[in-house]
Amino acid sequence: MIPHDRGSRPCVSGTPTQRDTERKADRRTRVTVLVALAANLVIAVAKAVGGLLAGSPALLSEAAHSVADSLNEVFLLAALRRSRRPADRRHPFGYGKERFFWSLLAAVGIFVMGGCFSFFQGFEALHSGTEEKFSGYVAGLIVLGVALLAEGASLLRAVHQVRRQGGTAGLRDPALRTVVAEDGTAVLGVTLALAGMALHMATGQVGYEAAASIAIGALLVCVAYHLGREARDQLIGEAADPEASDRIRRLLARQPEIDSVEALFSMKTGLDSALVAARIDLVPGLDSERVEEVAVRIKRSIADAVPEAAQIFLDVTDRAARESHESPAATGERGGA
C-alpha cells in the first residue's frame, strides 16, 4: 500500500487559493449563524413573555422552537471552530467530522427542545383548555409579526449565502444547511402560530391553536429527522460524491500502466476532504523503480483532478505475479510444504 498525503494538514485539502476560499466560506457561514443566533435569542424572549401573558400554547411552542434554534446555533459555531483544527497524532485524518457531530447534536436539540415541547403544549391545551384576553391576543400577534420579519431576514441571509456558494452545492455544509432548515421551519412555524391564534380568538375554540402547536411539533420532528439522518450518514463513513469517484475511475482507466482497477473506495473525512483508496493491477513487466514512479504520478493526478482527496492510498499489484501466486500448482506446493 502506497500512501499519499498532501502535507501536515490533511484535514484541509487543496491549494492555498482553495484553502483561502474555504476559510472565506467559513467566515460567511459564521456571520450567517451569528445573525440567526441574535435573531432567535431576541425572538425567544419575546415569544416566551408574550406566550405567558396571553396563555397561548402556540406562542409558547414557538418560544421553545426559538430556544432550541439558539442552542443549535451555539453548536454550529463550535462546529465551525473545531472542524478546522489541524491533524495530530490522535486524529491523523483531521477533525473535519466534528462538523457532522455538532450538526447531529443540533438535530437532537430541535427534536427534544422544539418538537417534544410543542407536542406537549398542544395536547395540554386540548386537555385543559385555555382562555386568552384581547390584550394577550394583540400582544401575541405583535410578537409573532416581529418574529416573522426577523426570521424572514435571517432566512434571506442564509439563502443568499447558499447562492453565493453555488446553489445546492452550498448545502453540503451541514452548518449552513441547518441554518437554512431552521429559518425556513421558523417562518412556517410562525405562520402556523399566527393562524392558530387568529382562529382561536375568532371562534373561541382552543382546538385551532392546539392543532397549530401540534403541527409545529410535527414540522420540527420531521426537520430534525432529516438533518440527523444526513449527519449520521456522514459520521459513519459516507462515500465521497459519486461524481468525484467517477472522475477517479476515468483517470485510472486512462493510465497505460494499469491493467485493471480491482476496487475503489472513498470516505468523507470532513466538509471538503476525503480519503481515497484504490486496488490496481499493473501490466506485467514493470520493475520496482517503474512501479514507484507510476504510483507517484497516479496519486498526483488524482490529487489534481479531485481537490478534496486529502489522503490517497494505492494498493499496487502485478496481475501476472498474483495469478502465478494463486495458481493451483503454487497452492499445491505450499500445501505440500
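Here, every reference points to the structure presented above.
If you're wondering where the values come from, they're calculated on a predicted model, not measured in any experiment.

**Student:** Lay out the packing of aromatic side chains with the relevant residues and their values.
**Tutor:** Summed over all chains, the structure comprises 4 aromatic pairs. Ring geometry for Phe75 versus Trp102: centroids 5.8 Å apart, planes at 40°, classification tilted. Of this pair, Phe75 sits in helix α2 (residues 57–82) while Trp102 is found in helix α3 (residues 98–128), placing the two residues 27 residues apart along the sequence. Judged by centre distance (6.4 Å) and plane angle (20°), the rings of Phe119 and Phe123 are stacked. On the criterion of helical spacing, the pair formed by Phe119 and Phe123 is a turn pair, its members being 4 residues apart in helix α3. Ring pairing ties together the aromatic residues Phe75, Phe101 and Trp102, which thus form one cluster.

**Student:** Provide a residue-level description of the pairing of strand β3 (residues 273–282), including the pertinent values.
**Tutor:** Among the 10 residues that make up β3, 9 are buried, leaving the element largely enclosed by the rest of the structure. Remark: 2 residues form the turn of the hairpin made by strand β2 (residues 258–270) and β3, two consecutive strands paired antiparallel.

**Student:** So what's going on with the packing of α2 against α3? Residues and values would help.
**Tutor:** Where α2 meets α3, the closest approach of the two axes is 8 Å, and the angle between their N-to-C directions is 175°. Relative to α3, the element α2 is oriented roughly antiparallel. Here the residues of the contact of α2 with α3 sort into 18 nonpolar, 8 polar and 4 charged.

**Student:** Now, about a nonpolar patch on the surface: what can you tell me, with residues and values included?
**Tutor:** A contiguous nonpolar patch, built from Val67, Leu71, Val74, Val108, Phe111, Val112 and Met113 and spanning about 520 Å² of accessible area, is present on the exposed surface. Elements represented by at least two residues in the nonpolar patch include exactly α2 and α3. Along the polypeptide, Leu71 turns up in helix α2. With a relative accessible area of 34%, Leu71 lands in the partly exposed category.

**Student:** Run through the pairing of β2, naming residues and quoting values.
**Tutor:** Relative to β3, β2 is paired through 10 bridges, and the arrangement is antiparallel. Looking at β3, one finds that Ser260 is bridged to Asp281.

**Student:** Please give an account of the environment of Ile248 that cites residues and values.
**Tutor:** Note that Ile248 resides in helix α7 (residues 242–253). Here the alpha-carbon distance between Ile248 and Ser301, two residues 53 residues apart in the chain, equals 9.0 Å. Sequence-distant contacts of Ile248, defined by excluding residues within four places in its chain, comprise Leu264, Val276, Ile302 and Val306.

**Student:** Break down α7 for me, citing the residues and quoting the values.
**Tutor:** Taking 1.5 Å per residue as the helical rise, α7 with its 12 residues ought to reach 16 Å, and the 16 Å between its terminal C-alpha atoms agrees with that figure. Of the residues making up α7, those classed as buried are Ala244, Ser245, Ile248, Leu251 and Leu252. The buried residues of α7 occupy one face: seen down the axis, they fall within an arc of 125°. Across α7 from its buried face, at more than 90 degrees, point the exposed residues Pro242 and Ala253. Summarising the contacts, the buried residues of α7 are in contact with β2, β3 and α8 (288–305).

How each quantity is defined
- Residues numbered from 1 in each chain as written.
- Predicted model: local features only at pLDDT ≥ 70, side-chain atom pairs only at ≥ 80, totals over all residues.
- Heavy atoms only, no water.
- Phe/Tyr/Trp six-rings, centres within 6.5 Å; stacked < 30°, edge-to-face > 60°.
- Helix = DSSP H or I, 4+ residues; strand = E, 2+ residues; numbered from the N terminus.
- Buried < 20%, exposed > 50% of the residue type's maximum accessible area, 1.4 Å probe, protein only.
- Pairing = 2+ DSSP bridges.
- Axes fitted to C-alpha atoms, helices over the stretch in contact; angles between N-to-C directions.
- Parallel < 35°, antiparallel > 145°, perpendicular 65-115°, else oblique.
- Nonpolar A, V, L, I, M, F, W, Y, C, P; charged D, E, K, R; others polar.
- Patch = residues over 30% accessible without salt bridge, like charges linked within 9 Å, V, L, I, M, F, W, Y side chains within 5 Å.
- Areas by Shrake-Rupley, 256 points an atom, 1.4 Å probe, with all protein chains shown as cover.
- Salt bridge = Lys/Arg side-chain N within 4 Å of Asp/Glu carboxyl O.
- Contact = heavy atoms within 4.5 Å.
- Expected span 1.5 Å × (residues − 1).
- Arc of directions from axis to C-beta.

So, to be careful, I would describe these as geometric facts and stop short of saying anything about function.
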